[in-house]
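A structural walkthrough
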Amino acid sequence: MTDTVAAAAREVDEVPPTKHPVDEIPRLARLFPLGLQHVLAMYAGAVAVPLIVGGALGYSAADLAFLISADLFVAGIATIIQSVGFWRFGVRLPIMQGVTFAAVGPMISIGTTYDITAVFGATIATGLFMVLVAPFFSTLLRFFPPIVTGTVILIIGVSLMDVAAGWITSQGESAAPSDLGLAAGTLLFIVLVERFAPSAIARCSVLIGLALGTLAALPMGKVDWSGVGDAGWFAVVTPLHFGLPTFPVAAVLSMLVVGLVIMVETTGDMIAVGEIVEKPVSTKRLADGLRADGLSTMLGGFFNTFPYTAFAQNVGLVSLTGVASRFVATMAGLILVVLGLVPKVSAVVEGVPSAVLGGAGIALFGMVAASGIRSLSKVRFDNKNILVVAVALGVAMLPTVKPEIYAEFPTWFQLVFDSGISAGAIAAILLNLLLNGDQLKGVQDTQDVAPHDALRAVQPAVLTYDAATGTGGTVEVSAPAATTGTDAVAVGSEPEPLASPEPPVSSEPAVSSDPAATPDPVTPSDPVGDDDAPTGRS
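Notes on the structure in this doc start here.

Analysis parameters
- Residues numbered from 1 in each chain as written.
- Predicted model: local features only at pLDDT ≥ 70, side-chain atom pairs only at ≥ 80, totals over all residues.
- Heavy atoms only, no water.
- Helix = DSSP H or I, 4+ residues; strand = E, 2+ residues; numbered from the N terminus.
- Buried < 20%, exposed > 50% of the residue type's maximum accessible area, 1.4 Å probe, protein only.
- Contact = heavy atoms within 4.5 Å.
- Areas by Shrake-Rupley, 256 points an atom, 1.4 Å probe, with all protein chains shown as cover.
- Expected span 1.5 Å × (residues − 1).
- Polar contact = N/O pair within 3.5 Å; in protein donor to acceptor, adjacent residues only side chain to side chain.
- Axes fitted to C-alpha atoms, helices over the stretch in contact; angles between N-to-C directions.
- Parallel < 35°, antiparallel > 145°, perpendicular 65-115°, else oblique.
- Left-handed = near helix turned anticlockwise from the far one by under 90°.
- Bend = angle between axes of the 7 residues up to and from the residue.
- Salt bridge = Lys/Arg side-chain N within 4 Å of Asp/Glu carboxyl O.
- Patch = residues over 30% accessible without salt bridge, like charges linked within 9 Å, V, L, I, M, F, W, Y side chains within 5 Å.
- Core = buried A, V, L, I, M, F, W, Y, C linked by side-chain atoms within 4.5 Å.
- Nonpolar A, V, L, I, M, F, W, Y, C, P; charged D, E, K, R; others polar.

**Describing the overall build of the protein**
Each helix and strand in the protein was counted, giving 19 helices and four strands. Counting over 538 residues, the protein shows a buried share of 57%. Long-range contacts, defined as pairs at least 24 residues apart, comprise 85% of the intrachain contacts of the protein with a sequence gap of at least 6. On the protein, roughly 21800 Å² of surface is accessible, and the fraction owed to carbon and sulfur atoms is 65%.

**Notes on helix α14 (residues 326-340)**
Compared with an ideal rise of 1.5 Å per residue, which puts 15 residues at 21 Å, α14 spans 21 Å between its outermost C-alpha atoms and is within 8% of the ideal. Summarising burial for α14: twelve of the 15 residues are buried, a large majority. Looking only at α14, the buried set comprises Arg326, Phe327, Val328, Ala329, Thr330, Met331, Ala332, Gly333, Ile335, Leu336, Val337 and Gly340. For α14, the secondary structure elements touched by its buried residues are α2 (28-56) and α3 (61-84). Regarding α14, its N-cap is Ser325, as a side-chain oxygen of that residue lies 3.2 Å from the backbone nitrogen of Phe327 further along.

**Things to note about the packing of α3 against helix α15 (residues 343-350)**
Where α3 meets α15, the axes come as close as 8 Å, and the angle between the chain directions of the two elements is 120 degrees. Of the possible angle classes, the one that applies to α3 and α15 is oblique. In this structure, α3 crosses over α15, and the sense of that crossing is right-handed. Residues Ala61, Leu64, Ala65, Ile68 and Ser69 of α3 lie in contact with α15, whose contacting residues are Pro343, Ser346, Ala347, Val349 and Glu350.

**Focus: helix α16 (residues 354-376)**
End to end, α16 covers 32 Å across 23 residues, agreeing with the expected 33 Å (1.5 Å per residue, within 8%). Within α16, the axis deviates most sharply at Gly361, by approximately 30 degrees.

**Quick look at the environment of Arg92**
Residue position: Arg92 is located in the loop between α3 and β1 (97-99). Judged by its relative accessible area of 16%, Arg92 falls in the buried class. For the pair Arg92 and Met270, spaced 178 residues apart in sequence, the C-alpha separation works out to 9.7 Å. When sequence neighbours within four positions are dropped, the list of residues in contact with Arg92 reads Val22, Gln82, Ser83, Val84, Gly85, Phe86, Trp87, Arg285, Asp288 and Arg326.

**Topic: the pattern of salt bridges**
Once their charged atoms are close, side chains differing in charge can pair, the charge on each being opposite to the other. One pass over the full model with this rule turns up six salt bridges. We note a salt bridge from Asp23 to Arg326, for which the minimum N-O separation is 2.9 Å. Within this pair, whereas Asp23 is found in the loop between α1 (2-14) and α2, its partner Arg326 is found in helix α14, the two being separated by 303 residues in sequence. Note on Asp23: relative accessible area 22%, which makes it partly exposed.

**Re a nonpolar patch on the surface**
Residues Leu212, Leu215, Leu218, Trp225 and Val348 make up a contiguous nonpolar surface patch of roughly 400 Å² in combined accessible area. Turning to its location among the elements, Val348 is positioned in helix α15.

**Some points on the nonpolar core**
Counting 126 residues, the largest nonpolar core has Phe101, Phe306 and Phe365 as the members making the most contacts within it. A per-element tally of this core places helix α11 (residues 249-276) first, with 14 residues.

**Some remarks on the packing of α11 against helix α12 (residues 283-302)**
With their axes 10 Å apart at the nearest point, α11 and α12 run at an angle of 130 degrees to one another. When the axes of α11 and α12 are compared, the pair comes out oblique. By crossing handedness, the relation of α11 to α12 is classed as right-handed. Between α11 and α12, the residues in contact are Ile262, Met263, Thr266, Thr267 and Met270 and Leu286, Gly289, Leu290 and Asp293, respectively. When its residues are assigned to classes, the contact of α11 with α12 shows five nonpolar, three polar and one charged.

**Description of unusual backbone geometry**
With a phi angle near 45 degrees, Trp87 is a residue other than glycine that sits in the positive phi range. Among the residues examined, Trp87 registers a relative accessible area of 68% and is labelled exposed. Even without being a glycine, Leu240 presents a positive backbone phi close to 55 degrees. Within the fold, Leu240 resides in the loop between α10 (226-230) and α11.

Written out as structure tokens, the structure is:
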């Protein structure tokens, strides 16, 4: 009998541990199309930023194509770092990386005041800042509640509409009827694809709209693909192509604000994906993911591109496909690297008519603004919170509607406030501290951070700590209730374990009735905590 039990025990010991779906590698026949789907979902947003910044700085078609190639190349590397991971870099989840829209305004201001080498220098400095701050960032989340993040995201989307209008008018005062028709047609294609196409195809509605709009422009002679023939089939993305980076102090400080915004949105995306794939993100993994963002941003500056963040549209795609494997994102990263090494692909994108880009921009930037509105919908709008949004939005719009308003001010001041995005972000943070600062010292409720790279399709559960009673723990809630402007994840203090799985008192948010869904408590202030301990959600 003893021998039988011992043999059975040996058999149990010999059974290999079951891999989490996140760590499984699908067969290649399935891996490649899933990775390509992620690339298609984020491609239009990925190439938009180099087109905007390069166009605003007056670069040639060849330089624009190079910026696009560099962007795709580093986006692929950044995605691989985030999904595969090494040492203390990478969250090791199916997350796609791309250039953030939050940096567009500041980068254009820096580029016009100095040159693009200052943009790359400020980008490198911002990446280094993100790497250094990553282990401690959870203590800063309280300064970015929905009233701040929602306002900043709304400002980004509204400010970028000026870019869409400039594309339609070809930077003139008015649009030709044919250009306006192309923009409207492209926008209509996007809406129709979103309405009638299957969900998997609808995820690529902006990219499909761009393709159909370009085809419609071919008979009109508005498509210029003359550079495609001259572009090679293969070329290495050379670092420091535009010269050695420079580091003007004002430019660096302006971009550091962007770095904080990037870290907030990446935190939201990482925890969202962790909930979807049922592998909660620990404080250690959160810090690893933020370090990877910083490293990718440093690589971006070195390889002639811009700051990187997690792309939110791909968060919804993970939920839609139901495939949790992080190696799908790795495959997508490899595809992006290959596309970055093929200049002809970038030359094709550069040849898309500006009016078509403008039509797509209305949808793309409008979704950014809508994402901010959705985040603000979680806020209880008392007089203080109304004032936070109103003043921050007004400050941000001043340089948008009157670009020369700060022309008489010092250069450092213009670099910050000529960009409505950075000016609005600073105003929102300071106003919230001034008007709601007393509440920041008290109860810290949940915060739902919406990213500003696209309209998020998934609202993950959030984790909260009952700081009001001092007896709370980490619990899963289905959605945050109406909140004030001081909502934030409780960080920096150690929660005590729940004494029992009984429901909380009626004054607290309703929690999940499934005990298995309630993760173990965690100490958010410890950046090197247990991998299985879930972190708070901003």
